[in-house]
Amino acid sequence: MRFWDTSAVVPLLVEEEPGSPIDRVYEPSPMVVWWGTVVEATSALARRERAGGLTLEATARSFELLDHLCRSWREVPPTDALRRSAQRLLRVHSLRAADSLQLAAALAVAADSPGSLEFVCLDVKLAEAAAREGLKVVGVGAVSREWEERES
């Protein structure tokens, strides 16, 4: 089982060149995501479309893929405990609020064994925080720099 951050989900939704780095870590294993992932992915796709990075047709295909993934993945729901964990993470790591919720959700899934959960992420700061919290980070490297440049 792998926990997928939105930074790694969005490249699955847009047509990248075959053999892209995210393709190398994607496995048809159970995907676990934070409850807000669909909202973050929608935001990323809409931003790309408005910026001219996606055609209307490509955007429609991306939203169809997102809908398909939503029906198959497992979502971690928002809870008071998760919110408290996210608040702690914000005090310990240099994270944005949404990233602290992603990480808190992954830690909740891992329970007392963070080393047992793979955290698929292309965001460098979030990946560093996840590694410090004991999660096995997958997907960070040159692709993360490429992702950050596209999203800024």
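Up top you'll find the structure we're talking about.
Residues numbered from 1 in each chain as written. Predicted model: local features only at pLDDT ≥ 70, side-chain atom pairs only at ≥ 80, totals over all residues. Heavy atoms only, no water.

Digging into the sheet that holds strand β3 (residues 74-76)
Spatially, the 5 strands line up as an open sheet ordered β3-β2-β1-β4-β5, and their pairing is parallel. Looking at which strands have only one partner, the edges of the open sheet turn out to be β3 and β5 (136-138). Averaged over all pairs of adjacent strands, the angle between strand axes in this sheet comes to 30°, irrespective of strand direction. Here 3 bridges tie strand β1 (residues 2-4) to strand β4 (residues 118-120), and the two strands are oriented parallel to one another. When the sheet's bridge partners are listed, Arg2 is paired in β4 with Glu118. (Pairing = 2+ DSSP bridges. Helix = DSSP H or I, 4+ residues; strand = E, 2+ residues; numbered from the N terminus. Axes fitted to C-alpha atoms, helices over the stretch in contact; angles between N-to-C directions.)

Regarding the pattern of salt bridges
Under the counting rule described, the total for this entry stands at 6 salt bridges. Glu118 is paired through a salt bridge with Arg2; the nearest N and O atoms lie 2.4 Å apart. In this pair, Glu118 is assigned in strand β4 and Arg2 in strand β1, connecting sequence segments 116 residues apart. For Arg71, the salt bridge identified is with Asp67, shortest N-O distance 3.0 Å. Taken together, the residues Arg71 and Asp67, both in helix α4 (residues 56-72) and 4 residues apart, mark about one turn of the helix. The class of Arg71 is exposed, set by a relative accessible area of 60%. For Asp67, a relative accessible area of 41% gives the class partly exposed. (Salt bridge = Lys/Arg side-chain N within 4 Å of Asp/Glu carboxyl O. Buried < 20%, exposed > 50% of the residue type's maximum accessible area, 1.4 Å probe, protein only.)

That's the geometry; what it means functionally is another story.
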